[in-house]
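One-letter residues, chain by chain:
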Amino acid sequence: MIVRPISSSDREAFDAIVTHPLQSYIWGDFRAKTGAVVERIGGFEGTKLADGVTVTFHSVPHTSFTVGYIPKGTMPTESMLAALKDLGKRYNALFIKLEPNISAPVDKPLAHKEIAQFLLANGCVYGKPLFTRYSFVLPLGPTEEELLERMRPKTRYNIKVAQKKGVTVVEDTSESGMKEYLTILAETTKRQQFYAHSPEYFQKMWETLSPTKMIHILKAQFEGKTLAVWILFIYHDTLYYPYGASSREHKEVMANNLLAFEAIKFGKQMGCTAFDMWGALGPNPNPNDPWFGFHKFKEGYGGQLEQTIGTFDFVINHQYYGIFRTLDNLRWKFLRIKAKLGL
């Protein structure tokens, strides 16, 4: 296999190979607009593209180093790892973080150990995750009635409440739809004390993706007011729910419950076969975890809890990697304390 840079002429073949929207060619274009350095490389068997990844490089503040990131990439081969090592050295990277898009139901992760051993034997170490390891994945093949039957009784009840109260859900993948999302997101992050991307990040994302059919914005409204907004992605045959925001007003009308159900119906209408709800806690979650409520909300729709093989750092610079990990852990502890204090 020959590994070389991907050119614009390879775009269609590249998108056919990669398995997640965060690896798509258009997503790389968007990340470049946010200031990230984007590299795409592919493994070719003759003239046929057999493998490909999008890598972003990010500067380490106050140093000449960078770190690389491959979210939801394909499983790297030895040839790909060798090419990534050369690429990392060119960008003076301490490491390249790998989060392969390989998952299985939590009760059947049989191949995960063997895959992990391959990565650990080829220059990787377990790393700090940036992407959640768990997600609820709902098959969209069953009929609407069958999907309702698979839901938790409380979830079905809340959907009916929203319908009876007069909540409506519409698609608004316009600039105004994005602005409504940002307005409600600011309220959500302040209330729940978590970090989100900047408004500029989302605006560039919308500007880049809106000409495509990959991004869709659904919003739930009640009495003329938008109560919740979801940003959805469609890639290949899967619907994804990466971003959402909701107002605390009129919580009694269960707008988010109906929005989720309408998202499921929307995915079916668009020909999707699965709905990846993009993030959950693991098996037997702690009720005191701040994300427990969000986990239970998603669980109510009857999806299968799946886990990926995890996060691995492909170390390029062994001398400074350990120092970086120590300082990065201290930084995140500080940010968590700052968030709790509302600073």
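All of the points below concern the structure found in this document. (Residues numbered from 1 in each chain as written. Predicted model: local features only at pLDDT ≥ 70, side-chain atom pairs only at ≥ 80, totals over all residues. Heavy atoms only, no water.)

What to know about the overall build of the protein
Here is the rule: Only DSSP runs of H or I covering at least 4 residues are called helices, and only runs of E covering at least 2 are called strands; the numbering of each starts at the N terminus. This radius of gyration counts C-alpha atoms alone. The globule rule is 2.2 Å times how many residues there are, raised to the power 0.38. Any residue under 20% of the maximum accessible area for its type is buried, any over 50% is exposed, and the rest in between are partly exposed; the area is computed with a 1.4 Å probe on protein chains only. Accessible areas in this description were obtained via Shrake-Rupley with a 1.4 Å probe; residue shielding takes into account the shown protein chains only.
Per the secondary structure count, the protein includes 11 helices and 15 strands. Radius of gyration (C-alpha) of the protein: 21 Å, near the 20 Å computed for a compact globule of 343 residues. Counting only C-alpha atoms, the protein reaches 60 × 50 × 40 Å along its principal axes. Looking at the protein residue by residue over its 343 residues, the buried ones come to 50%. With an accessible surface of roughly 17200 Å², the protein has 54% of that area assigned to carbon and sulfur atoms.

Some words on the sheet that holds strand 7 (residues 124-126)
We apply this condition: When DSSP finds two or more bridges between two strands, those strands count as paired. Each axis is a line fitted through C-alpha atoms, and for a helix only the stretch in contact is used; angles between axes span 0 to 180 degrees, taken between their N-to-C directions. For this analysis, residues touch if any pair of their heavy atoms sits within 4.5 Å.
Spatially, 1-2-3-4-5-15-7 is the arrangement adopted by the 7 strands of the open sheet, whose pairing is mixed. Two strands in the sheet have a free side with no partner beyond their single neighbour: strand 1 (2-5) and strand 7. Taking the axes of each pair of neighbouring strands and ignoring which way they run, one obtains an average angle of 30° across the sheet. In terms of strand pairing, strand 1 meets strand 2 (residues 37-45) through 4 bridges, oriented antiparallel. Residue pairing across strands places Val3 opposite Gly43, the latter belonging to strand 2. Helix 2 (residues 25-33) contacts strand 2 and strand 3 (48-59) of the sheet and is inclined by roughly 155° relative to strand 2.

Details of the environment of Ala121
Examined against the element boundaries, Ala121 turns out to sit in the loop between helix 4 (112-120) and strand 7. Taking C-alpha positions, Ala121 is 22 Å from Gln307, a pair spaced 186 residues apart along the chain.

Points about unusual backbone geometry
Notably, Glu223 is not glycine yet its phi reads approximately 55°, a positive angle. Looking at where Glu223 falls in the secondary structure, it is placed in the loop between strand 10 (215-222) and strand 11 (225-235). Here Glu223 falls in the exposed class, since its relative accessible area comes to 66%. Positive phi, normally seen in glycine, also occurs at His236, with a value near 55°. Within the element layout of this structure, His236 appears in the loop between strand 11 and strand 12 (238-246).

Topic: the nonpolar core
Rules: Buried Ala, Val, Leu, Ile, Met, Phe, Trp, Tyr and Cys residues form a nonpolar core when they are joined through side-chain atoms within 4.5 Å.
With 35 residues, the main nonpolar core has Val167, Trp230, Leu232, Ile264, Phe275 and Tyr301 as its most contacted residues. Contributing elements (two or more residues each) for this core: strand 8 (134-139), helix 6 (153-165), strand 10, strand 11, strand 12 and helix 9 (255-269). In terms of residues, this core owes the most to one element, helix 9, which gives 8 residues. Among all residues touching Ile264, those that are not within four sequence positions of it are Leu138, Leu140, Leu147, Met151, Phe275 and Tyr301. Core analysis: the next-biggest nonpolar cluster, separate from the first, contains 33 residues, Ile6, Trp27, Phe131 and Met214 among them.

So, the side chain of Arg31
The condition that has to hold: When charges are counted, Lys and Arg are positive and Asp and Glu negative, with His and the chain ends excluded. For salt bridges, the criterion is a side-chain nitrogen of Lys or Arg within 4 Å of an Asp or Glu carboxyl oxygen.
Turning to its location among the elements, Arg31 is positioned in helix 2. Buried charge without a partner: Arg31 forms no salt bridge, and the closest opposite charge is Glu99, 11 Å away. When sequence neighbours within four positions are dropped, the list of residues in contact with Arg31 reads Ala36, Val38, Thr56, His58 and Tyr201.

Some remarks on the environment of Ser246
Note the following rule: In protein, a polar contact requires one atom able to donate a hydrogen and another able to accept it; more generally it is a pair of N or O atoms within 3.5 Å, and residues adjacent in sequence count only if both atoms are side-chain atoms.
Inspection of the secondary structure puts Ser246 in strand 12. A polar atom in the side chain of Ser246 sits 3.4 Å from the side chain of Asn256.

Some remarks on the packing of helix 2 against helix 8 (residues 199-209)
Stated precisely, the cut-off is as follows: Every angle not falling under 35 degrees, over 145, or within 65 to 115 is termed oblique; those three ranges are roughly parallel, roughly antiparallel and roughly perpendicular. Note on convention: the crossing is left-handed when the near helix lies turned anticlockwise from the far helix by less than a right angle, right-handed when the turn is clockwise. In the scheme used here, Gly and all other residues not listed as nonpolar or charged are polar, with Ala, Val, Leu, Ile, Met, Phe, Trp, Tyr, Cys and Pro taken as nonpolar and Asp, Glu, Lys and Arg as charged.
Put simply, helix 2 and helix 8 touch, their axes get as near as 9 Å, and they point 140° apart. Judged by the inter-axis angle, helix 2 sits oblique to helix 8. Here helix 2 and helix 8 pass one another in a crossing that is right-handed. Residue-level contacts link Ile26, Trp27, Asp29, Phe30, Arg31 and Lys33 of helix 2 to Tyr201, Lys204, Met205, Thr208 and Leu209 of helix 8. Residue composition of the contact of helix 2 with helix 8, by class: 6 nonpolar, 1 polar and 4 charged.

Some thoughts on the sheet that holds strand 11
The sheet built from 8 strands is open, its strands ordered 6-14-8-13-12-11-10-9 with mixed pairing. Two strands in the sheet have a free side with no partner beyond their single neighbour: strand 6 (103-105) and strand 9 (168-171). Direction aside, the axes of adjacent strands within the sheet are offset by 30° on average. Pairing of strand 12 with strand 13 (residues 274-276), which is carried by 3 bridges, proceeds in the parallel orientation. Paired with Tyr240 across the strands is Asp276, a residue of strand 13. Together, strand 8, strand 11 and strand 12 form the strand contacts of helix 10 (residues 292-299), whose direction differs from that of strand 8 by roughly 20°.

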